[in-house]
Every structure is written in C-alpha cells, then in structure tokens.
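Architecture and fold: a report
This is what each chain is made of:
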Amino acid sequence: MEVPGFAHNLGSPLSPCEGMIKDLSLDSIQLCERDGSNSQDGSLSEMEQLPVPQNIKISNITCDSFKICWEMEARGKERITHYFIDLNKKENKNSNKFKHKDVPTKLVAKAVPLPMTVRGHWFLSPRTEYTVAVQTASKQNDGDYAVSEWSEIIEFCTADYSTVHLNQLLEKAEVIAGRMLPFSVFYRNQNKEYFDHAREEQENRMLPSVKDNSGSHGSPISGKLEGLFFSCNTEFNTGKPPQDSPYGRHRFEVQADALFNPETSLYFGDFYCMYTAYHYVILVLAPKGSRGDEFCKQRLPALDITDNRFLTCKQRDADGGLEFHHAQDVILEVIYTEPVDLAVGTVAEISGHQLMSLSTVNAKKDPSCKTCNISVGR
C-alpha cells in the first residue's frame, strides 16, 4: 500500500517555502489518532512559543497528491519536531480536529524542509474539494506533544486523472475486452419527445450535451466534454443491436461510417462497473481538428482506429470499403462530439422493453472492484 510521502524538490534557499526535500521512511508521516490536546506537562507559555504556520500555499496538485508549504516566525522554530496536518473533505467543515478516527485524514509528519508532498490514494480522491490546516508540534519526553494554535484553513480541489492514470485503466480494460465482433450501425435510444424536440426546435439535429458524472470519479471528461452517447454492441446470436434499452423505446440508427471513418479520432475515456458483472468502456469519437478532438487530445489516450481492443475501422482489401468491429465482453458507450442530423439515419420504435435498471446515467463506479480500479483515488 502506498503511504504518504515526500518528493525531492530543488528550490531557492531564500524562501522559507522552498528547499531540498529529504526521502523519509514509513515512520516519517503517519495517520494521526491523537486528540490534538496540549501535553499535560506542557504549559500554555510553551505552546505559545511554537510558531503558528502562516501564508499556507498549496501547489503541484494531482488527483492523489499535493505539495504544501507555509511561513513561520523564527521564535521557537528550533523546538518543532513534527507538523500536524488536518485534511478534510470540504463538506465536513464542522469536523472536530483529530476526532474522526474512522476517516484517516489527520496526519503527523516529522518536521522537514518545506515544501512537503502529501500523497495517498486512500485518503485523497480526484476532483474533490478539501480543507487543510496545520499545527507545529514539539514532542515531549513523555511521548505527548506541545502544539501551536491551528493555522488558517485553506481550501483546494484535487485534479482529474492524468493520462498516466487513464493508460492504467486502458490496460485493465484491454485484459477483459474479449474478441471482436462485426457491426454496421451506431444507435441511440431516447423517448419520442426527444426526437420530436430535435425536429421541431433544433433544426432536425441532435445536439451535444455535457457528459454526466457516471463512471470513474477522476474522469477528465465528466462534466466537461460535450457529446452524444451512442451504442454499437450487438447480440451474439443475431449480430444485430439488442431490442431492449434503458433509455427509451425510440431508436436512431446511423451507418457506422457516418460517425467513424479515417477522418475521425478515437480516444479511450473510462472503464468502470456499477456493482454488477457488466463492465463499461467509454470511447470518444471526434472528427479530426474539431473542438472535441482538441479537448481530448490534451486529456485522453488516443487509440489507433485500425488496431485496438475495443472499436476498429479498417479498409477491406476486396473492395476498399470500411468494416467495423466492437469488443464482445465489455459494453461500449461511444461519445460523438458533434451534432448529428436525423436525416443521415432513421428513427423507429424498438420491439423490446425499456430496462431502466440498466441505465448508466450518473452511475457511481464500484470502488471495490479489482477489475476496473487503479491505485489512485476512485
């Protein structure tokens, strides 16, 4: 298990917030279970001699780490042996210092040159707002601590998954993707009113909307990327789209080459499950040079459209036409980043059922699944 640690850093010796960071052992920083009280043998005057951290700065924020530094008065600085760091999710504003022992966010670190890196995937989650406050402390002969007053409370928000984390998810998804099956159409299910609105109010077009918060909490596309969700999975026995859907009884179908062709970029977006045996892979299709393409290019792993484990588009040798395949053992959710005119496809009512229980709208990822989680915040 990864433990909170400290990174190497070179900085100017002129600032109290800069300096060389030392490698620290497991004992250097630990989850704190103390009540934050003053040492029984330490007097109030001793506590007041310890400087209070001021002008706290948070930097180098990732999805599961951050750097922290602060300034201190010189008086009493030589007595500092440890720093107490109180880290809380922002919604827990009223938490008492060092009282929530079931939430391991109260840290004790040996006093080292600043800034220090706080890292730990089991108490830092991506895209989450936190508050942080710091005390300086002096360890007494009896093992207790004399402490300063708490610093001001600083707020910050952790980052999305980086491409490094997404590539880890990608590798996990590739393991279970299964063999490739042919398909010929992308389809999108909605209710009748949705398509009526597109015809009457949107010039016969389906318009992109912002992706919801389904899937991994650290996904960089949730709440940011605009697009239209399509499916392409087929039934094994028929080779055709299933007749059931969780999203509505009316289905728009479009030939695959209208959305997916050599002029389209393909990106891996996410891999998740919802406390079931089904696993979902989110892919993004974006016309090359489009706004969606530029967004994804900076945030998501790009896939070769002719050679990947999820969704391929290849040219046939016989006639030069395009053929398409999708992974059999995962459910693909394909986001197309541009408007789609209803005239390029057909809308018809399906004969199956609307299975609401299978909807992934704002679905929360199972944080305990070993198949689709990585060792960072969920």
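Structure's up top.
Now for a quick tour of the structure.

Parameters at a glance
Residues numbered from 1 in each chain as written. Predicted model: local features only at pLDDT ≥ 70, side-chain atom pairs only at ≥ 80, totals over all residues. Heavy atoms only, no water. Helix = DSSP H or I, 4+ residues; strand = E, 2+ residues; numbered from the N terminus. Buried < 20%, exposed > 50% of the residue type's maximum accessible area, 1.4 Å probe, protein only. Lys, Arg positive; Asp, Glu negative; His and termini not counted. Salt bridge = Lys/Arg side-chain N within 4 Å of Asp/Glu carboxyl O. Polar contact = N/O pair within 3.5 Å; in protein donor to acceptor, adjacent residues only side chain to side chain. Contact = heavy atoms within 4.5 Å. Phe/Tyr/Trp six-rings, centres within 6.5 Å; stacked < 30°, edge-to-face > 60°. Pairing = 2+ DSSP bridges. Axes fitted to C-alpha atoms, helices over the stretch in contact; angles between N-to-C directions. Expected span 1.5 Å × (residues − 1). Arc of directions from axis to C-beta.

As for its placement among the helices and strands, Asp-293 is situated in helix α5 (residues 291–297). In this structure, Asp-293 is buried with no salt-bridge partner, the nearest side chain bearing the opposite charge being Lys-297 at 4.1 Å. Reaching out from Asp-293, the side chain makes a polar contact with the side chain of Tyr-267 at a distance of 2.5 Å. Beyond its immediate stretch of four places on either side in the chain, Asp-293 contacts Ser-265, Tyr-267, Ala-286, Pro-287 and Lys-288.

Counted by the stated rule, this structure contains eleven aromatic pairs. An angle of 50 degrees between the planes, with centres 4.7 Å apart, marks the rings of Phe-66 and Phe-156 as tilted. Linking Phe-66 in strand β3 (residues 65–71) with Phe-156 in strand β9 (residues 154–157), this pair joins segments that are 90 residues apart in sequence. Classification of Phe-66 as buried rests on a relative accessible area of 0%. Take Phe-156: its relative accessible area is 8%, and that puts it in the buried class. Here the aromatic rings of Phe-260 and Phe-324 are separated by 6.0 Å at their centres, their planes lie at 40 degrees, and the arrangement is tilted. Remark: Phe-324 occurs in strand β20 (residues 322–327) and Phe-260 occurs in the loop between α4 (256–259) and β16 (264–273); sequence separation between them is 64 residues. The class of Phe-324 is buried, set by a relative accessible area of 7%. Through successive ring pairs, a cluster of aromatic residues spans Phe-183, Phe-186, Phe-260 and Phe-324.

What follows is about the sheet that holds β20. Neighbouring strands of a sheet are bound in pairs by backbone hydrogen bonds; such pairs are parallel or else antiparallel. Taking strand neighbours across the sheet as the criterion, the three strands line up as β10-β20-β19 in an open arrangement whose pairing is antiparallel. Because the sheet does not close on itself, it has two edges, and the strands there are β10 (180–183) and β19 (311–315). Taking each pair of neighbouring strands and ignoring which way they run, the sheet shows an average axis angle of 35 degrees. Judged from the four bridges that link them, β10 and β20 form a sheet pairing that is antiparallel. In the strand pairing of β20, Pro-182 is matched with His-325.

Our next topic: the sheet that holds strand β6 (residues 116–119). The antiparallel open sheet is built from three strands, whose spatial order is β2-β3-β6. The open sheet terminates on both sides in strands that have one partner only, identified here as β2 (54–59) and β6. Going from strand to strand, the sheet's axes swing by 30 degrees on average, the running direction of each strand aside. Strand direction decides the pairing type here: β3 and β6, joined by four bridges, are antiparallel. What sits directly across from Lys-67, in β6, is Thr-117.

Should their charged atoms come close, side chains of opposite charge can pair. Tallied over the entire structure, the rule returns eleven salt bridges. Through salt bridges that share partners, Lys-90, Glu-129 and Glu-155 make up one connected network.

Once that is clear, we can look at unusual backbone geometry. The omega angle of the peptide bond from Leu-114 to Pro-115 is 5 degrees, so this bond is cis rather than trans. Structurally, Pro-115 can be placed in the loop between β5 (106–110) and β6. Located in the positive-phi region is Arg-127, a residue other than glycine, with phi close to 50 degrees. Relative to the helices and strands, Arg-127 resides in the loop between β6 and β7 (129–139). Among the residues examined, Arg-127 registers a relative accessible area of 21% and is labelled partly exposed.

Turning our attention to the side chain of Thr-312. Here Thr-312 lies in strand β19. Assessed through its relative accessible area of 4%, Thr-312 is described here as buried. In this structure, Thr-312 is in contact with Met-180, Phe-260, Ile-305, Thr-306, Asp-307, Glu-323, Phe-324 and His-325, ignoring residues within four places of it in sequence.

Before going further, it helps to examine the pairing of strand β14 (residues 226–230). Sheet faces and side chains relate simply in a regular strand, where the side chains alternate between the two faces. Here two bridges tie strand β13 (residues 209–210) to β14, and the two strands are oriented antiparallel to one another. Looking at β14, one finds that Ser-209 is bridged to Gly-227. Note: β14 against strand β21 (residues 331–336), three bridges, orientation antiparallel. Bridge pairing links Phe-229 to Ile-335 in β21.

Our next topic: helix α2 (residues 163–176). In a regular helix each residue adds 1.5 Å, so 14 residues correspond to 20 Å; α2 covers 20 Å between its end C-alpha atoms and thus fits that length. Along α2, the positions that sit buried rather than exposed are His-165, Leu-166, Leu-169, Leu-170 and Ala-173. In an axial view of α2, the angular spread of the buried residues amounts to 145 degrees, which keeps them on one side of the axis. Away from the buried face of α2 by more than 90 degrees, exposed residues Val-164, Glu-171 and Val-175 are located. Buried positions along α2 lie against β16, β17 (279–287) and β18 (302–303). Phi turns positive, to about 80 degrees, at Gly-178, one or two residues after α2.

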